[in-house]
Amino acid sequence: KVANHAKRAIGVDLISGFSNKNFEFFQMSTDEYLKILKKENLKIDMLFIDADHSYEQSLKDFDGYFDFVNDDGFIFMHDTYPISEKYLDKGYCGDSYKTAWHIRNNYKEKCEIVTIPFHPGLSIIKKSIKQLIWI
């Protein structure tokens, strides 16, 4: 639905079956797509990270894509507030909730983060180094 409102929307996933004329789809890993992104030097206004439900990959995606996000751009991260230990299984939220905590503690100078506390959780990260980018 968001793709309908974007100048250019790109989806990247290992799973095929996405069909939408409003966005480009690449069936590959986010690591593979990052190589393409670096060649094109695209800038991103909004990024959604769902990764593979692991701390390791979601942090790798965050770190790898962060510099391509425009100042005042947004990164949304899924599975960051599992409701109980039962959902720490990789088939559910895994341990990607640790990534939100890592960002909160290590990126204070580069972004703001808030995690909406409902299952499975969504963290909203705004890349910003100052309150108003025009100042």
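Preceding this section is the structure that the text describes.
Residues numbered from 1 in each chain as written. Predicted model: local features only at pLDDT ≥ 70, side-chain atom pairs only at ≥ 80, totals over all residues. Heavy atoms only, no water.

**Some words on the overall build of the protein**
- Per the secondary structure count, the protein includes three helices and six strands.
- The secondary structure elements of the protein, listed N-terminal to C-terminal, are β-β-α-β-α-β-α-β-β.
- Here the C-alpha atoms of the protein give a radius of gyration of 15 Å, agreeing with the 14 Å that 2.2 N^0.38 yields for 135 residues.
- Its C-alpha atoms put the protein at 45 × 40 × 25 Å along the principal axes.
- Across the 135 residues in the protein, those meeting the buried criterion constitute 36%.
- Long-range pairs, those at least 24 residues apart, make up 54% of the contacts in the protein with a sequence separation of at least 6.
- In the structure as shown, the protein presents an accessible area of about 8,900 Å², 55% of it carried by carbon and sulfur atoms. (Helix = DSSP H or I, 4+ residues; strand = E, 2+ residues; numbered from the N terminus. Rg over C-alpha atoms; globule rule 2.2 N^0.38 Å. Buried < 20%, exposed > 50% of the residue type's maximum accessible area, 1.4 Å probe, protein only. Contact = heavy atoms within 4.5 Å. Areas by Shrake-Rupley, 256 points an atom, 1.4 Å probe, with all protein chains shown as cover.)

**Description of the packing of helix 1 (residues 30–40) against helix 2 (residues 55–66)**
- Contact geometry for helix 1 and helix 2: axes closest at 11 Å, N-to-C directions at 5°. Viewed along their axes, helix 1 and helix 2 adopt a mutual orientation that is roughly parallel. Contacts between helix 1 and helix 2 pair Thr30, Asp31, Tyr33, Leu34 and Leu37 from the former with Gln57, Lys60, Asp61, Gly64 and Tyr65 from the latter.
- Residue composition of the contact of helix 1 with helix 2, grouped by class: four nonpolar, three polar and three charged. (Axes fitted to C-alpha atoms, helices over the stretch in contact; angles between N-to-C directions. Parallel < 35°, antiparallel > 145°, perpendicular 65-115°, else oblique. Nonpolar A, V, L, I, M, F, W, Y, C, P; charged D, E, K, R; others polar.)

Geometric descriptors of this kind do not, in isolation, establish any biological role.
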